[in-house]
Structures are given as C-alpha cells and as structure tokens.
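Given next are the chains, with one letter for each unit.
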Amino acid sequence: MAWIQVLDKENLSVKFDNKDEVALLEINDGGISPNYVTIRLNETEMDDLIEALKRIKEALQ
C-alpha cells in the first residue's frame, strides 16, 4: 500500500492509496490524546461526497 499525502490540516488529512485506488479521509477530534476515524472512499463515493459538500457550501453562501 502506497499512500500519497494530498492534504494535511490540524484535524483532517486526505491521502490517496494508489494500490487500492481509494481516498482515505482521516479525521481526529483534536484532543490531547486524539481519537481518529478513517474513511475509505471509492470513486463513486468521492463523487457523492463532493456533490454533498458543494450543496452545503452553496447553502452557506
């Protein structure tokens, strides 16, 4: 498994797993001893997430 770091923020990182061809979203709660959740998304799931985030962004404007 080869992970390519795409985004690295304080509580969010996005990696591309070029072996399994999925996106990995890693989210942590930012605590002293952070809890992590990792979400694996295939191409269709990524499209769905992008569309949902676009709708939310438009609603906020």
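Rules behind the numbers
Residues numbered from 1 in each chain as written. Predicted model: local features only at pLDDT ≥ 70, side-chain atom pairs only at ≥ 80, totals over all residues. Heavy atoms only, no water. Salt bridge = Lys/Arg side-chain N within 4 Å of Asp/Glu carboxyl O. Helix = DSSP H or I, 4+ residues; strand = E, 2+ residues; numbered from the N terminus. Buried < 20%, exposed > 50% of the residue type's maximum accessible area, 1.4 Å probe, protein only. Pairing = 2+ DSSP bridges. Axes fitted to C-alpha atoms, helices over the stretch in contact; angles between N-to-C directions. Contact = heavy atoms within 4.5 Å.

Counting across every chain of the model gives two salt bridges. For K15, the salt bridge is made with E26, and the minimal N-O distance between the two is 3.8 Å. Within this pair, whereas K15 is found in strand β2 (residues 12-17), its partner E26 is found in strand β3 (residues 22-28), the two being separated by 11 residues in sequence. E26 sits in the partly exposed class, given a relative accessible area of 26%.

The sheet built from four strands is open, its strands ordered β1-β2-β3-β4 with antiparallel pairing. Two strands bound the open sheet, and with one partner strand each, they are β1 (3-8) and β4 (36-41). Strand-to-strand twist of the sheet, defined as the mean angle between neighbouring strand axes without regard to direction, takes the value 20 degrees. Where β1 lies against β2, five bridges are found, and the strand directions are antiparallel. Across the sheet, the residue bridging to I4 is F16, located in β2. Those strands touched by helix α1 (residues 43-60) are β3 and β4, and its axis lies near 110 degrees from that of β4.

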